[in-house]
Amino acid sequence: SECQIEMGQLFLKIYIILILNMVILKNVQSEIFIVAEVNEEIITNLDIDFEKRYLVSLNPNLKKLDKKRITEYAKDSLINERIKKIEIQKRFKIIPNETLLSKIIGDIYSSIGISSLNEFESYLLENDINIERVKEKISIEIAWNNLIVNIFENEIEINQNAMYKELEKIEKKKVDNLLLSEIVFTINDKKELKSKYEEIEKSINEIGFEETARIYSLSKSKKSGGNLGWIYKNQLSKEIKNEISSLNVGDFTKPIVASGGFLILKLEDMKSENIEIDREAQLERMIEFEKERQFTRFSTLYYKRIFNNAEINEK
């Protein structure tokens, strides 16, 4: 009968759809595999693919690197993020700070030549990146910085008298004002220093200091490509002044030993000024600089400790 024929056709369609779904599911499953585990949290190849798109979109110069290097950067970036996220969530829930997020996102898209949030969202969609995922990743970094402040704020030591004495030395004199950028990194064994520095140096030569800082640096300044802004030479420690004294503009130092890790400084620009210092304003600037330096040291030490204690299995 016609009814039986229609029912037969309906069952055939349903059967074909089920078979197609099984084939699609099987293909999808076969394409997903675990790349690494961090404290039992998995990182898959799909996570790596997203991270590569994310890193390249926000750091276009990475396109100069071969695919293998970009994949390694993406995996390291995700391991770093998972370790931080797990540690943060032991203490508090990560709640996005919309005001701070908006400012950071604005800084990000401005740095790559985009003028509005709508244009940035369109740019991300073209690269198959959801703005909410970007906000989530930035929120983890904000929460990490908050964690470091919460843990170590009472351990920050500021010697304002010593700073004031330094200001008195340079008042109404000709002083060097330096525009500096930094890369802060750490290693697990002293034997790794040479190879780690060579790896960073190679990256600097290939994609520049700024992009390398975004990838390798553990400092908060990584978001701005390691940029520290203009700093009077007298504000720097004796050791750092000695290291940068022989640099020409555009040069960078060998690794400088710092508490908890190593520091590479680049001299971006330099100018000599006859200045009459606003002592109070300059003192505030020196205090903020010293706080950031100490928080970076604590952040590096703390991350190194939890990294060494983490169970990381790379496939």
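You'll find the structure just up there.
**Student:** Just to check I follow, could you spell out the overall build of the chain for this structure?
**Tutor:** Helix and strand content of the chain: 11 helices and seven strands. When the accessible surface of the chain is summed, it comes to about 18700 Å², and 50% of that surface belongs to carbon and sulfur atoms.

**Student:** Just to check I follow, could you spell out the pattern of salt bridges for this structure?
**Tutor:** As a working rule, side chains carrying opposite charge can pair if their charged atoms are close by. As enumerated under the stated definition, the model contains 18 salt bridges in all. A salt bridge links Arg82 to Asp47; the shortest N-O distance between them is 3.8 Å. Here the residue Arg82 occupies a position in helix α3 (residues 67-89), and Asp47 occupies one in helix α2 (residues 45-58), the gap between them amounting to 35 residues. The buried category is assigned to Arg82, whose relative accessible area is 14%. Notably, a salt bridge pairs Asp49 with Lys52, separated by 3.9 Å at the nearest N-O pair. Taken together, the positions of Asp49 and Lys52, both in helix α2 and three residues apart, correspond to about one turn of that helix. Given a relative accessible area of 22%, Lys52 falls into the partly exposed group. Several salt bridges share partner residues, and in doing so they unite Glu51, Glu81 and Lys137 into one network.

**Student:** Help me out: how do you make sense of the side chain of Glu51 in this one?
**Tutor:** You can see Glu51 is positioned in helix α2. If sequence neighbours within four positions are ignored, Glu51 has contacts with Ala74, Ser77, Leu78 and Lys137.

**Student:** Would you mind going over the sheet that holds strand β1 (residues 34-38) with me for this structure?
**Tutor:** Strand order across the open sheet formed by three strands is β2-β1-β7, with antiparallel pairing between neighbours. A single partner strand is all that each edge strand has here, and the edge strands are β2 (41-44) and β7 (312-314). Geometrically, the sheet is characterised by an average inter-axis angle of 20° between neighbouring strands, direction not taken into account. Two elements, β1 and β7, share three bridges in a ladder whose sense is antiparallel. By the bridge assignment for β7, Ala36 is matched with Glu314.

**Student:** Explain the nonpolar core here, please?
**Tutor:** Tyr54, Phe120, Ile138, Trp144 and Ile183 are the most contacted members of the largest nonpolar core, which totals 59 residues. In terms of residue count, helix α6 (residues 131-152) provides more of this core than any other element does, 10 residues in total. Excluding anything up to four places from it in sequence, Tyr54 contacts Ile129, Val134, Lys137 and Ile138. Listed in part, the 12 residues of the second largest apolar core include Leu180, Val184, Leu236 and Ile244.

**Student:** Can you help me understand the packing of aromatic side chains in this one?
**Tutor:** Each aromatic ring pair is summarised here by two numbers: the centre-to-centre distance and the angle between the ring planes. Following the criterion strictly, the structure yields 10 aromatic pairs and no others. Considering the side-chain rings of Trp144 and Tyr302, the 5.9 Å spacing of their centres and the 40° angle between planes classify their relative orientation as tilted. Of the two residues, Trp144 sits in helix α6 while Tyr302 sits in helix α11 (residues 279-309), which places them 158 residues apart along the sequence. For the residue pair Trp144 and Tyr302, the accessibility class agrees, reading buried in each case. Centroid distance Tyr303 to Phe307: 6.0 Å. Interplanar angle 35°. Geometry classified as tilted. Highlighted residues: Tyr303 and Phe307, both in helix α11, separated by four residues, approximately one helical turn. Given the relative accessible area of 8%, Tyr303 is considered buried. Overall, Phe307 belongs to the partly exposed group, its relative accessible area being 27%. Ring pairs connect the aromatic residues Trp144, Phe152, Phe298, Tyr302, Tyr303 and Phe307, which therefore count as one cluster. Sitting over the ring of Tyr303, Lys84 keeps its end group 5.9 Å from the ring centre. Directly above the ring of Tyr54 sits Lys137, whose terminal nitrogen or CZ lies 4.9 Å from the centroid.

Parameters at a glance
- Residues numbered from 1 in each chain as written.
- Predicted model: local features only at pLDDT ≥ 70, side-chain atom pairs only at ≥ 80, totals over all residues.
- Heavy atoms only, no water.
- Helix = DSSP H or I, 4+ residues; strand = E, 2+ residues; numbered from the N terminus.
- Areas by Shrake-Rupley, 256 points an atom, 1.4 Å probe, with all protein chains shown as cover.
- Salt bridge = Lys/Arg side-chain N within 4 Å of Asp/Glu carboxyl O.
- Buried < 20%, exposed > 50% of the residue type's maximum accessible area, 1.4 Å probe, protein only.
- Contact = heavy atoms within 4.5 Å.
- Pairing = 2+ DSSP bridges.
- Axes fitted to C-alpha atoms, helices over the stretch in contact; angles between N-to-C directions.
- Core = buried A, V, L, I, M, F, W, Y, C linked by side-chain atoms within 4.5 Å.
- Phe/Tyr/Trp six-rings, centres within 6.5 Å; stacked < 30°, edge-to-face > 60°.
- Lys NZ or Arg CZ within 6 Å of the ring centre and 35° of its normal.

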